[in-house]
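Inside the fold
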Amino acid sequence: MRVLGIDPGLTRCGWGVVDGRPGARPAAVGVGVIRSSAELDLELRLLELHTQVTALLREHRPDVVAIERVFTQNNKGTATGTAQAAGIAALAAAQADRPVAWHTPSEVKAAISGNGRADKEQVTLMVTRVLGLPAAPKPADAADALALAVCHVWRGPAQDRLRVAAIAGGIGAPVRSTTLPRWTGMSR
């Protein structure tokens, strides 16, 4: 399974691509950060993010996109920008017909380090060790994106099996797989 992990942000949006399967050591395929200038208008920053995430989807062809679920932060402006970036990443994934998996920060930290309250340094250290990288990915946004991808490689299939079992047992609603129509631009 190939997973594109996205640590959303407007100024710095981390991305990491990992190949792997449960029970085996995952391998890093690519990692980086998409940057946008705070000097640009918001719509241009969002457009740049969309363009770059779309390019990553085309280049790496992931099976799934794992995005950090936005949680309430002390700084409402940061939370809003993070939510906008997460939405743009999810939109790009939907346009590429790629499923999106959402993981909370504590879920990712627990998966990669065994501690849902691990700090950035612990997460970066464990990402470096788990993926056998020669050096720690920098900045922390890049390491976080790789952690998201590893989290999904390890936990995603189990979550899918639990969802299917719950539906088979009459718990919850079935998840429908639909193909979305392609947007071809504004009609006049």
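All residue numbers refer to position in the chain's written sequence, counted from 1. Confidence filtering applies because this is a predicted model: local features only for residues at pLDDT of at least 70, side-chain atom pairs given and counted only at 80 or more, and all residues used for totals across whole chains, interfaces and linings. In computing side-chain values, all of the structure's heavy atoms are included and hydrogens and water are not.

A few points about the pairing of strand β4 (residues 64–68)
The buried label goes to any residue with under 20% of its type's maximum accessible area, the exposed label to any with over 50%, and the partly exposed label to all in between, with areas taken from a 1.4 Å probe on protein chains only. Under the DSSP-based scheme used, a helix requires at least four consecutive residues in state H or I and a strand at least two consecutive residues in state E, with every element numbered from the N terminus. Across the 5 residues of β4, 5 count as buried, placing the element largely inside the fold. Burial of β4 is two-sided: the residues Val64, Ala66 and Glu68 facing one way and the residues Val65 and Ile67 facing the other way are all buried. Two elements, β4 and strand β5 (residues 100–103), share 4 bridges in a ladder whose sense is parallel. From the neighbouring strand, alanine 66 faces β5, where its bridge partner is alanine 101. At least two bridges found by DSSP between two strands is the condition for calling them paired.

Focus: the nonpolar core
Membership of the largest hydrophobic core comes to 21 residues, with the highest contact counts inside it found for Leu4 and Ile6. Going through the elements one at a time, β1 (2–7), β2 (12–19), α1 (42–60), β4 and α2 (76–95) are the ones with two or more residues in this core. When residues of this core are assigned to their parent elements, the largest contribution, 7 residues, is made by α2. Take the buried residues of types Ala, Val, Leu, Ile, Met, Phe, Trp, Tyr and Cys, join any two whose side-chain atoms come within 4.5 Å, and each joined set is a nonpolar core. Counting residues in each nonpolar core, the second largest holds 20 residues, with Val18, Val64, Val108 and Val123 among its members.

Examining the pattern of salt bridges
By definition, a salt bridge exists where a carboxyl oxygen of Asp or Glu is found within 4 Å of a side-chain nitrogen of Lys or Arg. Here the structure, examined in full by the defined rule, presents 3 salt bridges. Across the pair aspartate 141 and arginine 12 runs a salt bridge, and its minimum N-O distance is 2.6 Å. Of this pair, aspartate 141 sits in helix α5 (residues 140–168) while arginine 12 sits in strand β2, and the two are 129 residues apart along the sequence. On the basis of relative accessible area, arginine 12 is assigned to the partly exposed category, the value being 37%. Taking the shortest distance from any N to any O, the salt bridge between lysine 120 and aspartate 144 comes out at 2.5 Å. Linking lysine 120 in helix α4 (residues 120–130) with aspartate 144 in helix α5, this pair joins segments that are 24 residues apart in sequence. You can call lysine 120 partly exposed: its relative accessible area is 44%. Residue class for aspartate 144 comes out buried when judged on its relative accessible area of 10%.

Concerning the UniProt feature "active site" (unreviewed entry) in the chain
Taking the numbering used here, the UniProt-annotated feature "active site" (unreviewed entry) corresponds to Asp7, Glu68 and Asp141. Taking the farthest pair of C-alpha atoms as the criterion, the annotated set spanning 135 residues converges on one region, since that pair is 11.1 Å apart. Here glutamate 68 lies in strand β4. Since its relative accessible area comes to 15%, glutamate 68 is described here as buried. Here, residues are in contact when the closest pair of their heavy atoms is within 4.5 Å. Every residue in contact with glutamate 68, bar those within four places of it in the chain, is listed here: Ile6, Asp7, Pro8, Trp102, His103, Pro105 and Leu148. With residues near it in sequence (within four places) discarded, aspartate 141 still touches Asp7, Arg12, Gly14 and Val33. UniProt positions are given in the numbering used here, feature names are shortened, and annotations may be inferred rather than shown by experiment.

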